[in-house]
Amino acid sequence: MRQSGPDALLHLHVRPGSKVAAVLGPYNGRLKIAIDAPPVEGKANAALLDYLASVLRRPRRQLHLERGAAGRDKMVRIEDAVAADIASRLDAALPRPGRK
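Residues numbered from 1 in each chain as written. Predicted model: local features only at pLDDT ≥ 70, side-chain atom pairs only at ≥ 80, totals over all residues. Heavy atoms only, no water.

## Considerations on the environment of G5
Tracing the backbone through its elements, the reader meets G5 in the loop between β1 (2-4) and β2 (7-15). In this structure G5 comes out as exposed when scored by relative accessible area, which is 57%. In this structure, the C-alpha to C-alpha distance between G5 and A81, residues 76 residues apart in sequence, is 9.4 Å. (Helix = DSSP H or I, 4+ residues; strand = E, 2+ residues; numbered from the N terminus. Buried < 20%, exposed > 50% of the residue type's maximum accessible area, 1.4 Å probe, protein only.)

Structure representation (structure tokens):
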């Protein structure tokens with residue numbers, strides 16, 4: 001994740017077709033996220049942006065897929081966001097031992 005002017009850029013590795021959507025943790029310098037949608041006809045990309053908007057508590061219209069529409073490695077731009085705040089919300093969504 002990095003700041004780009006007023007926006008935050010989030011580098012992701014996405015695993016589509018999972019049973020549930022979840023933030024999984026770091027993976028090769030990116031954040032790994034499981035998405036509960038199939039990788040067909042843009043469904044996983046749309047589900048990813050919807051899921052991130054929910055986790056980050058931001059309007060969906062502020063999230064944009066910048067790169068990686070056809071692959072697992074993606075970059076998402078979050079408008080008018082501070083990278084440190086986004087990182088804090090994603091960290092809170094990580095699974096913790098003993099936490100459900």
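## A look at helix α2 (residues 83-93)
Within the span of α2, buried status applies to A83, I86 and L90. Down the axis of α2, the buried set is contained in an arc of 65°. They therefore lie on one face. Looking at the buried positions of α2, the neighbouring elements they touch are β1, β2, β3 (22-27), β4 (30-34), α1 (43-56) and β6 (73-78). (Arc of directions from axis to C-beta. Contact = heavy atoms within 4.5 Å.)

## Let's talk about the packing of aromatic side chains
Under the defined criterion, the tally for this structure stands at zero aromatic pairs. Across the ring face of Y27, the terminal group of K32 is positioned such that the distance to the ring centre comes to 4.8 Å. (Phe/Tyr/Trp six-rings, centres within 6.5 Å; stacked < 30°, edge-to-face > 60°. Lys NZ or Arg CZ within 6 Å of the ring centre and 35° of its normal.)

## Things to note about the pairing of β2
The element β2 is largely enclosed, with a buried count of seven among its nine residues. Here β1 pairs with β2 via three bridges, running antiparallel. Across the sheet, residue R2 finds its bridge partner in β2, namely L9. Here β2 runs beside β6; their pairing, made up of six bridges, is antiparallel. Bridged to H11 within β6 is M75. In terms of strand pairing, β2 meets β4 through four bridges, oriented parallel. Residue pairing across strands places L12 opposite L31, the latter belonging to β4. (Pairing = 2+ DSSP bridges.)

## Focus: the nonpolar core
Core analysis: the largest hydrophobic core is formed by 26 residues, its most contacted members being L12, L52, V76 and L90. Secondary structure elements with two or more residues in this core: β2, β3, β4, α1, β6 and α2. In terms of residue count, the dominant contributor to this core is α1 (eight residues). Excluding residues that lie within four positions of it along the chain, L12 makes contacts with R30, L31, I33, L48, L52, R72, D73, K74 and V76. (Core = buried A, V, L, I, M, F, W, Y, C linked by side-chain atoms within 4.5 Å.)

## A closer look at α1
Look at α1: 20 Å from first C-alpha to last across 14 residues, which is about the 20 Å you get at 1.5 Å a residue. With 10 of 14 residues buried, α1 lies mostly within the body of the structure. Within the span of α1, buried status applies to A44, N45, A47, L48, L49, Y51, L52, A53, V55 and L56. Elements that come into contact with the buried residues of α1 comprise β2, β3, β4, β5 (63-67), β6 and α2. Phi turns positive one or two residues past the end of α1, at R57, with a value near 55°. (Expected span 1.5 Å × (residues − 1).)

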